[in-house]
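Working through the structure, step by step
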Amino acid sequence: METDDIGELVDVRKRLLAATILCFMFLCVETAGAFMAGSLALLSDAVHLFADLASLVVALGANHLASLPASQTYTYGLKRVEALASLFSVSTLIILSLRLCVEGIYRLWFYAVPILSKSSDVEDVPDVDGKLVAIIASVGVVVNIMLAVILGEEGHAH
């Protein structure tokens, strides 16, 4: 492996590590906030953030494996691990999205339908703290911008 390739892998690893730490910190804040606010929107974003975090962790591992030299067993090294890591990340996101869909349908059926039918079973509808949701969502926008800056490459073109 050439020196430029090693330097690029180290740079990618540093970026991935910084993004992973930032992602984990905000995941903790957003998950706690979702439960405190009673917000499915924040919870779904936290689940999405968890999938992103899992992807970053898998990418870190794949980056390390791809940096290993070729051997007798792996004559081209382990560069294809990165593609398998992407497959894992997408699969995780699909599974978590399906779970959120089930929760959304549950809330729609058991909370919205009684309200629309003017039923008297409306007292079980959870209150959502909109102010807390707005604050956490605003912080989330800033975190997403920071992640874009950390993971972005200057001068990168296709």
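Residues numbered from 1 in each chain as written. Predicted model: local features only at pLDDT ≥ 70, side-chain atom pairs only at ≥ 80, totals over all residues. Heavy atoms only, no water.

Some words on the overall build of the protein
Looking only at helices and strands, the protein features four helices and zero strands. The linear arrangement of helices and strands in the protein, starting from the amino end, is α-α-α-α. Here the protein holds 158 residues, and the buried ones make up 27% of them. Residue pairs in contact within the protein that sit at least 24 positions apart in sequence constitute 69% of those at least 6 positions apart. (Helix = DSSP H or I, 4+ residues; strand = E, 2+ residues; numbered from the N terminus. Buried < 20%, exposed > 50% of the residue type's maximum accessible area, 1.4 Å probe, protein only. Contact = heavy atoms within 4.5 Å.)

Some words on helix α4 (residues 130–151)
Its 22 residues give α4 an end-to-end C-alpha distance of 31 Å, which sits within 8% of 32 Å, the value for a rise of 1.5 Å per residue. Within α4 the residues assigned to the buried category are L132, V133, I136, G140, V143 and L147. Buried residues of α4, seen end-on, are gathered within an arc of 85 degrees and therefore sit on one face of the element. Summarising the geometry of α4, the exposed residues directed more than 90 degrees from the buried face are K131, I145, A148 and V149. (Expected span 1.5 Å × (residues − 1). Arc of directions from axis to C-beta.)

Some words on helix α2 (residues 40–67)
For α2, with 28 residues, the first-to-last C-alpha span of 40 Å sits near the 40 Å given by 1.5 Å per residue. The opening residue of α2, the one whose side-chain oxygen lies 3.3 Å from the backbone nitrogen of A41, is S39. (Polar contact = N/O pair within 3.5 Å; in protein donor to acceptor, adjacent residues only side chain to side chain.)

Considerations on the side chain of E30
Relative to the helices and strands, E30 resides in helix α1 (residues 3–37). In this structure E30 touches L42, D45, A46, L49 and I136, once residues within four positions along its chain are discounted.

Some remarks on the confidence of the model for the protein
Per-residue pLDDT for the protein averages 80, and the proportion of residues at 70 or more is 78%. When mean pLDDT is compared element by element in the protein, α4 scores highest at 94, while helix α3 (residues 81–116) scores lowest at 78. (pLDDT = per-residue confidence, 0-100.)

A few points about the state of the cysteines
The tally for this structure, following the rule as stated, stands at zero disulfides. C28 provides the cysteine sulfur closest to C23, a residue in no disulfide bond, and the two sulfurs are 9.9 Å apart. Assessed through its relative accessible area of 1%, C23 is described here as buried. (Disulfide = S-S within 2.5 Å.)

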